[in-house]
Amino acid sequence: MTKAVAPPQAAPDAPSLAEHVPSDQSEASARDARREALRAAPTVMVSACLLGEACRYDGRSQRSERVLAALEGKAVIPICPEAAAGLGIPRPPVDLAGGTGVDVWADRARALTRETREDRTAAFQDGARQALEAARRFDVTVALLKEKSPSCGSQRVYETGVLRPGEGITTALLRADGRTVVSDEDL
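Predicted model, so just to flag it, every value in this text is computed and none were measured. (Residues numbered from 1 in each chain as written. Predicted model: local features only at pLDDT ≥ 70, side-chain atom pairs only at ≥ 80, totals over all residues. Heavy atoms only, no water.)

**Remarks on the environment of aspartate 103**
Formally: Every helix listed is a DSSP run of H or I at least four residues long, and every strand listed is a run of E at least two residues long, numbered separately from the N terminus. A simple rule labels every residue: compare its accessible area, found with a 1.4 Å probe on the protein chains alone, to the largest value its type can have, and call it buried under 20%, exposed over 50%, or partly exposed in between. Any pair of nitrogen or oxygen atoms within 3.5 Å is treated as a polar contact; in protein, a donor-acceptor pairing is required on top of that, and neighbouring residues in sequence qualify only through side-chain atoms on both sides.
Relative to the helices and strands, aspartate 103 is located in helix 4 (residues 101-105). Aspartate 103 gets classed as buried once you look at its relative accessible area, which sits at 12%. Along the sequence, aspartate 103 and alanine 172 sit 69 residues apart, while their C-alpha atoms lie 9.2 Å from each other. At 2.7 Å, the side chain of aspartate 103 and the side chain of arginine 108 are in polar contact.

**Focus on the packing of helix 5 (residues 121-137) against helix 6 (residues 169-176)**
So the rule is basically this: In this analysis an axis means a line fitted to C-alpha atoms, helices contributing only their contacting stretch, and an angle means the value between N-to-C directions, from 0 to 180 degrees. Oblique is the label for any angle not covered by the other classes, which are roughly parallel (under 35 degrees), roughly antiparallel (over 145) and roughly perpendicular (65 to 115). What makes a crossing left-handed is the near helix being turned counterclockwise from the far one by less than a right angle; a clockwise turn instead makes it right-handed. We call two residues contacting when some pair of their heavy atoms lies within 4.5 Å. For this scheme, ten residues count as nonpolar: Ala, Val, Leu, Ile, Met, Phe, Trp, Tyr, Cys and Pro. Four count as charged, namely Asp, Glu, Lys and Arg, and the remainder, Gly too, count as polar.
Running from N to C, helix 5 and helix 6 cross one another at 40°; their axes reach a closest spacing of 9 Å. In terms of orientation, helix 5 lies oblique with respect to helix 6. Classified by chirality, the crossing of helix 6 by helix 5 is right-handed. Together, Phe124, Gln125, Gly127, Ala128, Arg129, Ala131, Leu132 and Ala135 of helix 5 and Ile169, Thr170, Leu173 and Leu174 of helix 6 make up the contact between the two elements. Partitioning the contact of helix 5 with helix 6 into residue classes produces eight nonpolar, three polar and one charged.

**Description of the pairing of strand 7 (residues 162-165)**
Going by this rule: Strand pairing is assigned whenever DSSP detects at least two bridges linking the two strands.
Note that strand 6 (residues 156-159) and strand 7 share four bridges and pair antiparallel. Within strand 7, the position partnered with glutamate 159 by the bridge is valine 162.

**Concerning the side chain of glutamine 125**
Position of glutamine 125 relative to the elements: it lies in helix 5. On the accessibility criterion, glutamine 125 (14% relative accessible area) is buried. Excluding residues within four positions of it along the chain, glutamine 125 makes contact with Val104, Trp105 and Ile169.

**Overview of the pattern of salt bridges**
Here is the rule we go by: Every case where a carboxyl oxygen of Asp or Glu lies within 4 Å of a side-chain nitrogen of Lys or Arg is listed as a salt bridge.
Evaluated as defined, the whole model comprises 20 salt bridges. Between arginine 35 and aspartate 32 there is a salt bridge, and its shortest N-O distance comes to 3.6 Å. One end of the pair, arginine 35, and the other, aspartate 32, are both in helix 1 (residues 27-40), three residues apart, so they sit about a helical turn from each other. Given the relative accessible area of 26%, arginine 35 is considered partly exposed. The salt bridge partner of arginine 179 is aspartate 177, with a shortest N-O separation of 2.8 Å. The exposure class assigned to arginine 179 is buried, which follows from its relative accessible area of 15%. Classification of aspartate 177 by relative accessible area gives partly exposed; the value is 24%. It is possible to trace a salt-bridge network through shared partners that takes in Glu27, Arg34 and Asp186.

So, in C-alpha cells, the structure goes:
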C-alpha cells in the first residue's frame, strides 16, 4: 500500500540536535537493530528516488528492488526534501561544507552547490522540516533513506567533494526527533 504525501505547509519546531554518536554496540548490531525497527514499522517514510521517482539532483531515480521488497505490506510515505523545498529537478549537486547535517543545524556548516558554491542551506533545512512534519502527521517512527545524500545520508555524506562519515540534514532532524533512520545500504 502506498500513500502519497503533499508537502506540508507549516514547518514544525526543530527538536534539539545532538551529534549522532554510535553506542557501544558494534556496527553490525546497530544495523541489525535498524533492520528490526524497519521490519516492525507499519508505516515507513522513504526517499522517493528509491521508489522509482525521478527526483534526484540529476533528474534520475534510484529505484531499488531491495527497498521495494522491504516495504511489502507497509504504508509508505514518499519524501524528497530537496524537491519539496522547491530546488527543482534536475538541480546542481550539493555537498555539505564544514561538517555534517548536525553541524548545519548548529550553524557550523552549510549546504553548497558543488561547482558554484551557492548556498542552499535554507532550502535544505526547509525540506527537512517538511519531512519531519510529514513524519509527525503520519506517526512515522522509521525512515528508509538514500545513503550519501546531503539530506538523506545516514552514515556517509559528501563534504566538499569527499565522501565522509556523517549524516545529512534531514536525517539529523529526524533522529533528533527520536525517529530511526535506516540506510538503503542497510538492506
